[in-house]
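# Chains, contacts and geometry: an overview
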Amino acid sequence: MSRIIAVANQKGGVGKTTTAINLGAALGLRGRRVLIVDLDPQANATSGLGVENSGLGTYELLIEGQEAAGLVRETGQPGLWIIPSRSDLAGAEVELVPMMAREFRLRRAIEGIAGQYDYVFVDCPPSLGLLTVNALAAADQVLVPVQCEYLALEGLGHLVNTVDLVRRHLNSRLRVAGLLLTMYDARTNLSQQVVDEVRKHFPSTLATVIPRNVRVSEAPSHGLPLCAYDPRSAAARAYDQLAAELLEREEVAA
């Protein structure tokens, strides 16, 4: 059964794209079929997987109604595909406003192909605008990366409220898959304090913690996920552990 998971947080720099790429790649290595939908105009998931997009992508999917199947691109990684993005998508927030059923454009666009994959990850932009609302309206679950710094906690309440509103008015099946603690630095008390605070207030926080690691910054410049760039790095092992935790949760839920 396919799972559509929005990777969302309105704060930038918390690890949304890194998580979408590396969790998707880790699941692919575990024999799952994974599709990433790059819904961020910055297109970091696209470039981070070494995909050059000079053609069609998520802009045409949302605004022009192009068939999703014709937009899927191979990434070169086992079990991992992507619908790429490019900077044109920045105008979609404005162009969506007058459209009928504007919040459901993504849901309707991918419903025909979602069943071909075990997981569909939607990499959201750092905002709570119409692109992110489209992702939440299409998703079964939302995964929330949270950087282990106090400033990263400030917007969580707004995101939780948005998820509740989407659940009540647009997508009754939406639930929080979990909060994922990222950029953890074991050398600082601050990181541990943030971990404790998040776990205290958000019981759905995942057990896996993603460490701060230089390989995380290096891998995208090579167009590779961590499991291909440096599979023995601490961050690559953490994302493999996250994949295992996600699969275990799915088995328990089933």
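In this report, the structure presented in the accompanying data block is examined. (Residues numbered from 1 in each chain as written. Predicted model: local features only at pLDDT ≥ 70, side-chain atom pairs only at ≥ 80, totals over all residues. Heavy atoms only, no water.)

A few words on the overall build of the chain. For the chain, the count of helices and strands is eleven helices and eight strands. Taking 2.2 N^0.38 as the reference for a compact globule, 254 residues should give roughly 18 Å; the C-alpha atoms of the chain span a radius of gyration of 17 Å, in line with that estimate. For the chain, buried positions account for 54% of its 254 residues. At a minimum sequence separation of 6, the contacts of the chain that also span at least 24 residues come to 78%. Accessible area of the chain: about 11,200 Å², with a carbon and sulfur share of 51%. (Helix = DSSP H or I, 4+ residues; strand = E, 2+ residues; numbered from the N terminus. Rg over C-alpha atoms; globule rule 2.2 N^0.38 Å. Buried < 20%, exposed > 50% of the residue type's maximum accessible area, 1.4 Å probe, protein only. Contact = heavy atoms within 4.5 Å. Areas by Shrake-Rupley, 256 points an atom, 1.4 Å probe, with all protein chains shown as cover.)

With that out of the way, let us pick up helix H7 (residues 156-169). Here H7 contains 14 residues, and its C-alpha end-to-end distance of 20 Å stays within 8% of the 20 Å for a straight helix at 1.5 Å per residue. Here H7 has its buried residues at Leu156, Leu159, Thr162, Val163 and Val166. Buried residues of H7, seen end-on, are gathered within an arc of 120 degrees and therefore sit on one face of the element. Exposed and oriented more than 90 degrees from the buried face of H7 are His158, Arg168 and His169. Where H7 is buried, its residues touch helix H6 (130-138), strand E6 (141-147) and strand E7 (175-184). (Expected span 1.5 Å × (residues − 1). Arc of directions from axis to C-beta.)

The next subject is the side chain of Thr46. Here Thr46 lies in helix H2 (residues 44-48). Judged by its relative accessible area of 2%, Thr46 is buried. Engagement of the side chain of Thr46 in a polar contact is seen with the backbone nitrogen of Ser85, the distance being 2.9 Å. Those residues in contact with Thr46 that lie beyond four places of it in its chain are Asp38, Val51, Asn53, Ile82, Pro84 and Ser85. (Polar contact = N/O pair within 3.5 Å; in protein donor to acceptor, adjacent residues only side chain to side chain.)

Right, let's get into the sheet that holds strand E4 (residues 80-83). The eight strands lie next to each other as E3-E4-E2-E5-E1-E6-E7-E8, forming an open sheet whose pairing is mixed. Because the sheet does not close on itself, it has two edges, and the strands there are strand E3 (73-74) and strand E8 (209-211). Of the pairings in the sheet, the one linking strand E1 (residues 3-7) to E6 comprises three bridges and is parallel in character. Note that in E6 the partner of Ile5 across the bridge is Gln141. Packing against the sheet, helix H8 (residues 189-201) makes contact with E6, E7 and E8, and its axis sits at approximately 170 degrees to E7. Those strands touched by helix H11 (residues 234-253) are E1, strand E5 (119-123), E6, E7 and E8, and its axis lies near 170 degrees from that of E8. (Pairing = 2+ DSSP bridges. Axes fitted to C-alpha atoms, helices over the stretch in contact; angles between N-to-C directions.)

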